[in-house]
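# Overview (structure and organization)
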Amino acid sequence: MATSNGSSTGTKITALVVDDDRVINAIHCKLLNKLGIENHVAANGKEAVDLHCSGKKFDLILMDRDMPIMNGIEATRELRAMGVRSIIVGVSTRSIKQEIQEFMDSGLDDYQEKPLTSSKVISILRKIDFVD
């Protein structure tokens, strides 16, 4: 089971999956569940911001780039402006360096191409020191 700070006795990691694609949400949530990560879903950036405004906190946010209402770039900027210190990982099908860099510049900690796999999630967790 994945726990905060790599400790097997620590608190369970919580993740927010932000994506307007229900299939991707289902894939990413199933993947996180298999790794023992508690997860929640937001269908767009505004829902993610609203969740944080209501007091919810997450260790990890998997943020899509292209969504209706509020995209991932706008949402990431807003969350960072609110002081959210969660690890935010951009997850998108975009592969053009300039588009990836624009997303990174919004305040991301990492970027991964869709769809996520177990090895990609474990790599993210290792980078942020949540697993050994």
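Let us look at the structure shown here. All of these numbers come straight from a predicted model, not from anything done at the bench. (Residues numbered from 1 in each chain as written. Predicted model: local features only at pLDDT ≥ 70, side-chain atom pairs only at ≥ 80, totals over all residues. Heavy atoms only, no water.)

## Focus: the side chain of Thr-76
Tracing the chain through its elements places Thr-76 in helix α3 (residues 72-81). Assessed through its relative accessible area of 0%, Thr-76 is described here as buried. Within polar-contact distance, the side chain of Thr-76 engages the backbone oxygen of Gly-72 at 2.7 Å. In this structure Thr-76 touches Met-63, Ile-88, Phe-103, Ser-106, Gly-107 and Leu-108, once residues within four positions along its chain are discounted. (Helix = DSSP H or I, 4+ residues; strand = E, 2+ residues; numbered from the N terminus. Buried < 20%, exposed > 50% of the residue type's maximum accessible area, 1.4 Å probe, protein only. Polar contact = N/O pair within 3.5 Å; in protein donor to acceptor, adjacent residues only side chain to side chain. Contact = heavy atoms within 4.5 Å.)

## A closer look at the pattern of salt bridges
Counting across every chain of the model gives eight salt bridges. Salt-bridge contacts for Lys-114 lead to Asp-19; the nearest nitrogen and oxygen are separated by 2.8 Å. With Lys-114 in the loop between β5 (110-113) and α5 (118-127) and Asp-19 in the loop between β1 (14-18) and α1 (22-34), this pair connects stretches of sequence that are 95 residues apart. Per residue, the accessibility class of Lys-114 equals that of Asp-19, and both read buried. For Lys-46, the salt bridge goes to Asp-50, with nearest N and O atoms at 2.8 Å. Of the two residues, Lys-46 and Asp-50 both sit in helix α2 (residues 45-53), four residues apart, roughly one turn of that helix. (Salt bridge = Lys/Arg side-chain N within 4 Å of Asp/Glu carboxyl O.)

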